[in-house]
Amino acid sequence: MVLQLWFPMFFFSLVGVYCLFYSWAYIRESSDGFYRNLLDIFFLFVYISCQLVLLVVPAYMLYTNHMPYGSAALVICEQVRYFMKMHAFVRENAARTLGLPCPLNTQHPANTHIRCPDFTKYLYFHFLPTLVYRDVYPRTNRIHWRFVLSNLLQFCLILLYNNYIFSRLLYPHFQHFGTDKLTIPFIVKTLTSCILPSTFMFFLVFFAFLHSWMNAFAEMLRFADRRFYSDWWNAYSYLSFYRTWNIVVYDWLYNYIYMDCLRATGSRILAYMSVFFLSALFHEYIIIAVIRVLYPVMLILFGGCGLVMTGFNPRGRAANIFLFLGTFTGLGIMSTFYGQEMFATDCPGWGDYWRDLLLPRSWTCAVGSAS
């Protein structure tokens with residue numbers, strides 16, 4: 001089932017989008033005046049429709065087929081990755097076609113008169129561990145296969161160890177959820193018990209994907225720009241933490257959301273808010289698609305509390321300790337409430353389709369216990 005969903009997404013975002021952009025770029029070159037403007041509007045409409053199809057169809061298939069959480073997470077993360085790569089390719093080359101400024105204010109390499117790059121460039125970009133499109137990337141001279149195998153082995157072992165942590169340290173807190181009375185002390189106890197294992201899992205997932213997995217693919221593709229993260233563990237403020245812990249996503253947000261919003265509105269505050277809102281929304285979207293319920297814990301913590309905390313810029317060791325304590329607590333909160341929702345199968349539910357769809361089922365456990 002995962003392959004049945006992954007391959008159409010891959011083909012659609014690669015071949016479908018490239019053919020669409022190629023057709024627009026070369027038909028536009030031979031048009032002028034009113035017909036060119038009409039063609040631009042039509043292409044924009046079709047492109048937005050393609051983005052919506054890529055977002056909606058896989059999520060709907062996950063919801064209707066009740067896929068396991070791990071498989072659903074794999075499909076939805078790949079979906080978001082293709083969405084971001086598709087937008088990067090179209091945004092960069094549409095700017096070149098329309099004569100607009102490129103997001104990084106850099107000139108493209110030679111052959112800037114070519115309206116659409118070769119398909120091989122887009123294919124290469126599709127597999128690279130970066131979300132910012134360029135016609136040419138820095139390359140290494142050779143592939144060190146021992147380095148590749150070492151990182152892939154690290155990735156597999158970390159996933160196995162993560163599964164062990166979940167099954168031994170997190171699962172016991174939720175396996176009987178719904179049969180016991182849901183009280184405030186019960187929630188606090190679960191929260192405090194989940195902070196340490198969920199934090200450990202966060203560190204492991206970070207290292208597995210942003211270090212082992214991306215370095216392995218970068219080495220196989222001879223991709224030389226490997227600054228996937230920076231020293232976020234030394235950050236004093238949440239603003240610095242958000243900028244350094246995942247540079248791959250940060251670069252995409254800065255180049256294609258922040259800079260475009262800044263050019264369109266001239267307001268740094270509005271551009272800044274747009275980046276935070278979109279990032280929080282997509283994080284929440286991933287979780288909703290995986291656990292198949294609307295429970296905006298991530299949206300509140302990231303888009304609400306996280307946004308407020310970026311307004312403070314303290315210094316010193318105490319600030320670093322406060323940042324880590326806040327992050328650990330947030331991870332514990334998300335593990336607690338999302339874990340309760342995932343295992344709330346014995347709760348009575350709301351008795352209505354739309355409320356069961358939009359409201360967390362775990363909230364009804366208190367109602368069921370009270371009765």
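Residues numbered from 1 in each chain as written. Predicted model: local features only at pLDDT ≥ 70, side-chain atom pairs only at ≥ 80, totals over all residues. Heavy atoms only, no water.

Visitor: If you had to explain the nonpolar core to someone new, which residues and values would you point to?
Guide: When a protein is soluble and globular, its nonpolar side chains tend to lie buried together. Ranked by internal contacts, the top residues of the largest apolar core, which has 79 residues, are Phe-21, Tyr-122, Trp-252 and Tyr-338. When residues of this core are assigned to their parent elements, the largest contribution, twelve residues, is made by helix H3 (residues 69-98). Grouped together as the second largest cluster of nonpolar side chains are 14 residues, Phe-155, Ile-165, Phe-174 and Cys-347 included. (Core = buried A, V, L, I, M, F, W, Y, C linked by side-chain atoms within 4.5 Å. Buried < 20%, exposed > 50% of the residue type's maximum accessible area, 1.4 Å probe, protein only. Helix = DSSP H or I, 4+ residues; strand = E, 2+ residues; numbered from the N terminus.)

Visitor: Summarise the packing of helix H9 (residues 268-291) against helix H10 (residues 297-309); cite the residues concerned and give the values.
Guide: Relative orientation of the contacting elements H9 and H10 amounts to 160 degrees, with a least axis distance of 8 Å. Here H10 runs roughly antiparallel to H9, going by the angle between their axes. Relative to H10, the crossing made by H9 is right-handed. Only Val-297, Met-298, Leu-299, Phe-302, Gly-303, Gly-306 and Leu-307 of H10 make contact with H9, whose side of the interface consists of Tyr-272, Met-273, Phe-276, Ser-279, Ala-280, Leu-281, His-283, Glu-284 and Ile-287. (Axes fitted to C-alpha atoms, helices over the stretch in contact; angles between N-to-C directions. Parallel < 35°, antiparallel > 145°, perpendicular 65-115°, else oblique. Left-handed = near helix turned anticlockwise from the far one by under 90°. Contact = heavy atoms within 4.5 Å.)

Visitor: So what's going on with the state of the cysteines? Residues and values would help.
Guide: Here, disulfide denotes a covalent bond that connects the sulfur atoms of two cysteines. By the definition in use, this model includes zero disulfides. The thiol of Cys-50 is unpaired, and the distance to the nearest cysteine sulfur, on Cys-19, comes to 11 Å. Relative accessible area serves as the criterion here: at 14%, Cys-50 is assigned to the buried category. (Disulfide = S-S within 2.5 Å.)

Visitor: If you had to explain helix H2 (residues 33-65) to someone new, which residues and values would you point to?
Guide: Helix length check: H2, at 33 residues, gives a terminal C-alpha distance of 48 Å against a target of 48 Å (1.5 Å per residue), a fit within 8%. Here H2 has its buried residues at Leu-39, Asp-40, Phe-43, Tyr-47, Cys-50, Gln-51, Leu-54, Leu-55, Pro-58, Ala-59 and Leu-62. Buried residues along H2 sit against helix H1 (2-29), H3 and H9. Following H2 by one or two positions, His-66 adopts a phi angle in the positive range, close to 50 degrees. (Expected span 1.5 Å × (residues − 1).)

Visitor: Tell me about the side chain of Thr-336, and please be specific about residues and values.
Guide: Within the secondary structure, Thr-336 sits in helix H11 (residues 317-342). Polar contacts involving the side chain of Thr-336 include one to the main-chain carbonyl oxygen of Gly-332, which spans 2.8 Å. (Polar contact = N/O pair within 3.5 Å; in protein donor to acceptor, adjacent residues only side chain to side chain.)

Visitor: Before we move on, could you go through the environment of Thr-140 and cite the residues and values that matter?
Guide: Looking at where Thr-140 falls in the secondary structure, it is placed in the loop between helix H4 (119-127) and helix H5 (145-174). For Thr-140, a relative accessible area of 21% gives the class partly exposed. Ignoring any residue separated from it by four or fewer positions in sequence, one finds Thr-140 in contact with Arg-222, Ala-224 and Arg-226. A polar atom in the side chain of Thr-140 sits 3.5 Å from the backbone oxygen of Arg-142.

Visitor: Give me the lowdown on unusual backbone geometry, citing residues and values where you can.
Guide: With a phi close to 50 degrees, His-66 is a non-glycine residue in the positive phi region. Its place among the elements puts His-66 in the loop between H2 and H3. Look at His-66 and you get exposed, because its relative accessible area is 54%. In this structure, Arg-222 is a non-glycine residue whose phi angle is positive, near 60 degrees. Secondary-structure assignment places Arg-222 in the loop between helix H6 (184-220) and helix H7 (238-244).

Visitor: Hey, could you go over H9 for me, with residue numbers and the actual values?
Guide: The terminal C-alpha atoms of H9 lie 35 Å apart, and with 24 residues this matches the ideal 34 Å at 1.5 Å per residue to within 8%. Buried residues in H9 make contact with H2, H3, H7, helix H8 (247-265), H10 and H11. Looking at the residues trailing H9, positive phi occurs at Arg-292, about 60 degrees.

Visitor: Explain the environment of Gln-79 to me, and be specific about the residues and the numbers.
Guide: Note that Gln-79 resides in helix H3. On the basis of relative accessibility, which here comes to 0%, the residue Gln-79 falls in the buried class. The sequence separation of Gln-79 and Leu-55 amounts to 24 residues, and the corresponding C-alpha distance is 7.1 Å. For Gln-79, the contacting residues outside a window of four places in its chain are Met-9, Leu-54, Leu-55, Val-56, Pro-58, Ala-59 and Tyr-285. There is a polar contact of 2.8 Å between the side chain of Gln-79 and the side chain of Tyr-285.

Visitor: Before we move on, could you go through the pattern of salt bridges and cite the residues and values that matter?
Guide: Side chains carrying opposite charge are able to pair once their charged atoms draw close together. Enumeration according to the criterion identifies seven salt bridges in this entry. With a closest N to O distance of 2.6 Å, Arg-134 and Glu-92 form a salt bridge. Here Arg-134, found in the loop between H4 and H5, pairs with Glu-92, found in helix H3; they are 42 residues apart in sequence, far enough to count as distant. Looking at Glu-92, the relative accessible area reads 1%, which means it is buried. Among the salt bridges present, the one from Arg-226 reaches Glu-219, with a minimum N-O distance of 2.8 Å. (Salt bridge = Lys/Arg side-chain N within 4 Å of Asp/Glu carboxyl O.)

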